[in-house]
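Observations on the model geometry
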Amino acid sequence: MLQNDAFIAELKYEAANTRKMLERIPEDKFAWKPHDKSMTIGRLASHIAEIPVWVNRTLEADTFDFATAPLVRNTYENTAALLKVFEEKQAAAITALQNASDEMLNAMFAVYRGEQVIFEMPRKVMIRNFGYNHLIHHRGQLSVCLRLLNVPVPGMYGPSADER
């Protein structure tokens, strides 16, 4: 099996889990946040919806520089918009992975902030960390928000307490 096939299969599996979470957010709670230091649930969900773009960023260049490409922090206002963005980013990530050879996935990728090297690692490790682990981390935060709002939390890797 080629590495890109394994990455695509995992991305699709995680996308189904992510979609279940995004669909559960009550639209009247998009401005809610659990703490003053926290993002609103709408901002957190918007960030989650856009995370697959890191697959493309990693495969379409050798570097990413936060100093010259600052991140835009979008907040989508409803479930339909969230899901539309997520599906678009997910489809683009799959397309990028379909075109990625093992050689490309093994090549190095670096992240900078101006002259400062934040880290350098093989593209496949970057995709795993920024594309997958990052998504799963924030999805976990979203599950806590749903619990605090008394919204039934969907199971990710088996049934949740709400699905038993």
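All of the points below concern the structure found in this document.

**Side note on the overall build of the protein**
When you go through the protein residue by residue, the secondary structure sums to six helices and three strands. Shown N-terminal to C-terminal, the secondary structure of the protein runs as helices and strands in the order α-α-α-β-α-α-β-β-α. The C-alpha radius of gyration of the protein comes to 17 Å, within 12% of the 15 Å expected for a compact globule of 164 residues. With respect to the three principal axes, the spread of C-alpha positions in the protein is 45 × 40 × 25 Å. Counting all 164 residues of the protein, 43% fall into the buried class. If you take every contact in the protein between residues at least 6 apart in sequence, the share linking residues at least 24 apart comes to 73%. Summing over all exposed atoms, the protein offers an accessible surface of approximately 8,700 Å²; the carbon and sulfur share of this is 53%. Averaging the positions of the 19 positive and the 20 negative side-chain charges in the protein gives two centres separated by 6 Å.

**Points about unusual backbone geometry**
For N150, which is not a glycine, the phi torsion comes out positive at approximately 65 degrees. Overall, the relative accessible area of 67% leaves N150 in the exposed class.

**As for the nonpolar core**
With 24 residues, the main nonpolar core has L22, I25, I41, I48, L82, L142 and L146 as its most contacted residues. Elements supplying a minimum of two residues to this core: α1 (3-24), α2 (41-50), α4 (79-98) and α6 (123-148). It is α2 that contributes the most residues to this core, five residues altogether. For I48, the contacting residues outside a window of four places in its chain are T18, L22, F86, L135, H138, R139 and L142.

**With respect to the pairing of strand β3 (residues 116-122)**
The side chains of a regular strand alternate between both faces of the sheet. Taken together, the six bridges between strand β2 (residues 108-113) and β3 define a ladder with antiparallel strand orientation. The residue of β3 that forms the bridge with M108 is P122.

**Observations regarding the sheet that holds β2**
With mixed pairing, the three strands of this open sheet are ordered in space as β1-β2-β3. Each of the sheet's edge strands pairs with one partner strand only, and the pair in question is β1 (63-65) and β3. When strand polarity is set aside, the average angle formed by the axes of neighbouring strands in this sheet is 15 degrees. Here α6 sits on the sheet and contacts β2 and β3; the angle it forms with β3, its principal contact strand, is near 105 degrees.

**Some thoughts on the layout of surface pockets**
Considered as a void within the structure, the largest pocket measures approximately 320 Å³ in volume. What lines the largest pocket is a set of 17 residues, among which H47, E50, R57, L71 and V72 lie closest to the centre. Listing elements by their share of the lining of the largest pocket, those giving two or more residues are α2, α3 (53-60) and α6. Looking at the lining of the largest pocket residue by residue, the class counts come to nine nonpolar, three polar and five charged.

**Description of the pairing of β2**
Across three bridges, β1 lies against β2 in parallel orientation. By the bridge assignment, T63 is partnered in β2 with A110. Taking the residues that link successive antiparallel strands as the turn, the β2-β3 hairpin has two residues, and the phi of G114 there is positive, at about 65 degrees.

Basis of the calculations
- Residues numbered from 1 in each chain as written.
- Predicted model: local features only at pLDDT ≥ 70, side-chain atom pairs only at ≥ 80, totals over all residues.
- Heavy atoms only, no water.
- Helix = DSSP H or I, 4+ residues; strand = E, 2+ residues; numbered from the N terminus.
- Rg over C-alpha atoms; globule rule 2.2 N^0.38 Å.
- Buried < 20%, exposed > 50% of the residue type's maximum accessible area, 1.4 Å probe, protein only.
- Contact = heavy atoms within 4.5 Å.
- Areas by Shrake-Rupley, 256 points an atom, 1.4 Å probe, with all protein chains shown as cover.
- Lys, Arg positive; Asp, Glu negative; His and termini not counted.
- Charge placed at Lys NZ, Arg CZ, Asp CG, Glu CD.
- Core = buried A, V, L, I, M, F, W, Y, C linked by side-chain atoms within 4.5 Å.
- Pairing = 2+ DSSP bridges.
- Axes fitted to C-alpha atoms, helices over the stretch in contact; angles between N-to-C directions.
- 1 Å grid on protein atoms, 1.4 Å probe; cavity = no way out; pocket = protein on both sides within 12 Å on 5 of 7 lines; lining within 4 Å.
- Points joined across faces, edges and corners; volume = space filled by probe spheres on them.
- Nonpolar A, V, L, I, M, F, W, Y, C, P; charged D, E, K, R; others polar.

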